[in-house]
Amino acid sequence: MALEAAAPSGGVRVKTTRVVSSHVSVPKRVVEIWLSRQLLVNLIRTEIRVKYKNSFLGLVWSFLAPAMTLTVFALVFGVALKNGYPDFVILLFSGLLAWNLFQTAILAATGVIVNNAGLVKKVSFPREILALASVGSASVFFFFQSCVMVIFLAVLHIRPAFSLLWLIPVAFVPLIVFCSAMAIFLAAVNVYLRDVQHLVEVVVGSAWFWACPIVYSFQKIVYPKLNNHYHILWIYFLNPMTPIVMTFERVLYAKTGLIALTIPGHPKFQLLPGWGPMTYVELDAMVLGISLLLLYGAMVVFGRLAGNFAEEL
């Protein structure tokens, strides 16, 4: 909340003093963020420009980087380790589309308040916008990577499930909400506990990645062990990224029947679940509901902590 000192009777205006209130309600702060949406757009543009500043190829790296990463993964799992999955690069890229958005947004947002200390201490604006700008810029890179995915599908002559393309926005919405909740919460906490940023780099940068069925098959590896042996499959779905990643794989990889490995002598098996589209809708809807609750809680925490940002920075 911005407060201005009244001008004295002599007509000389005193310097404006701005105080950030930690007691502004969540709905009011949401309105403030909406009114500052142009600032959010400008911050997103700035983040994208800064990322490729002084780079000869500039935005071209947004296309080259995912393509080169996919090439490395394809060589590792297709040539060196040989998992035998047909068109594995598409299965991998399907999951990485969602994961890269999440990882890029969270890693950037965690330190965004600290990295913009000068702006936070001098200018009055909804501080949540800084974290949301990280999610916004990650969404732009998601678009670039989606273009690379389309090129890979065309080159490899692979048809996604065109009739289920509507599932992509169904999964994308909870993904953005979940990213926003995590970004806002971690950005605020990191101001007081700087070790959070380093912890997030380890957890999100590596450990969490392997908790998602991206480089391995849920149906072939996870389902038989957790469901048939221990009957605790529900634990695996406590990870909000799991249904989102699986939805992207169902639409883009689209191989739900029995498939043959590229390694001779192995029997056919099912790589993706044979669920109907409504199962994915239900799973993504649950993620959306949980993410909305997390977002509200993150806004409450951020509001409580934002009042002392200037002193901590």
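About the thresholds
Residues numbered from 1 in each chain as written. Predicted model: local features only at pLDDT ≥ 70, side-chain atom pairs only at ≥ 80, totals over all residues. Heavy atoms only, no water. Helix = DSSP H or I, 4+ residues; strand = E, 2+ residues; numbered from the N terminus. Buried < 20%, exposed > 50% of the residue type's maximum accessible area, 1.4 Å probe, protein only. Contact = heavy atoms within 4.5 Å. Areas by Shrake-Rupley, 256 points an atom, 1.4 Å probe, with all protein chains shown as cover. Polar contact = N/O pair within 3.5 Å; in protein donor to acceptor, adjacent residues only side chain to side chain. Phe/Tyr/Trp six-rings, centres within 6.5 Å; stacked < 30°, edge-to-face > 60°. Axes fitted to C-alpha atoms, helices over the stretch in contact; angles between N-to-C directions. Parallel < 35°, antiparallel > 145°, perpendicular 65-115°, else oblique. Left-handed = near helix turned anticlockwise from the far one by under 90°. Nonpolar A, V, L, I, M, F, W, Y, C, P; charged D, E, K, R; others polar. Patch = residues over 30% accessible without salt bridge, like charges linked within 9 Å, V, L, I, M, F, W, Y side chains within 5 Å. Salt bridge = Lys/Arg side-chain N within 4 Å of Asp/Glu carboxyl O.

Peer 1: An account of the overall build of the protein is needed here, citing residue identities and associated values.
Peer 2: Scanning the protein for helices and strands turns up 14 helices and 2 strands. Per-residue burial for the protein yields a buried fraction of 45% across its 313 residues. Taking contacts inside the protein between residues at least 6 apart in sequence as the whole, the part at least 24 apart equals 76%. Taken as a whole, the protein presents about 16,200 Å² of accessible surface, with 67% of it coming from carbon and sulfur.

Peer 1: Give a description of the side chain of Ser 137 that names residues and reports values.
Peer 2: Residue placement: Ser 137 occurs in helix α7 (residues 128–155). Only 3.0 Å separates the side chain of Ser 137 from the backbone oxygen of Ser 134, close enough to count as a polar contact.

Peer 1: Which residues make up the environment of Ala 161, and what values do they have?
Peer 2: Along the chain, Ala 161 falls in the loop between α7 and α8 (167–192). Taking the relative accessible area as the measure of exposure, Ala 161 reaches 12% and is therefore buried. Sequence spacing of Ala 161 and Lys 255 is 94 residues, and the spatial spacing of their C-alpha atoms is 8.9 Å. What Ala 161 contacts, discounting residues up to four positions off in sequence, is Arg 250, Val 251 and Ala 254.

Peer 1: Go over the packing of aromatic side chains with me, naming the residues and quoting the values.
Peer 2: Tallied over the full model, the rule gives 18 aromatic pairs. Look at Phe 93 and Phe 152: their rings are 5.9 Å apart centre to centre, the planes differ by 85°, and that puts the pair in the edge-to-face class. Within this pair, whereas Phe 93 is found in helix α4 (residues 88–110), its partner Phe 152 is found in helix α7, the two being separated by 59 residues in sequence. Each member of the pair Phe 93 and Phe 152 is classed as buried. For the pair Phe 209 and Trp 210, a centre-to-centre distance of 5.2 Å together with 85° between the ring planes defines the contact as edge-to-face. Grouped by ring-pair contacts, the aromatic residues Trp 99, Phe 102, Phe 178, Trp 208, Phe 209 and Trp 210 constitute a single cluster.

Peer 1: Just give me the short version of the packing of α8 against helix α13 (residues 277–306), but keep the residues and values in it.
Peer 2: At their nearest, the axes of α8 and α13 sit 8 Å apart, and the two run at 25° to each other. Between α8 and α13, the interaxial angle falls into the category roughly parallel. Note that α8 runs across α13; the crossing there is left-handed. Of the residues contributing to the contact of α8 with α13, the split by class is 26 nonpolar, 2 polar and 1 charged.

Peer 1: Requested: an account of a nonpolar patch on the surface, with residues and values cited.
Peer 2: A surface patch of nonpolar side chains, about 340 Å² in accessible area, is lined by Val 60, Trp 61, Leu 64 and Met 68. One can find Met 68 in helix α3 (residues 61–80).

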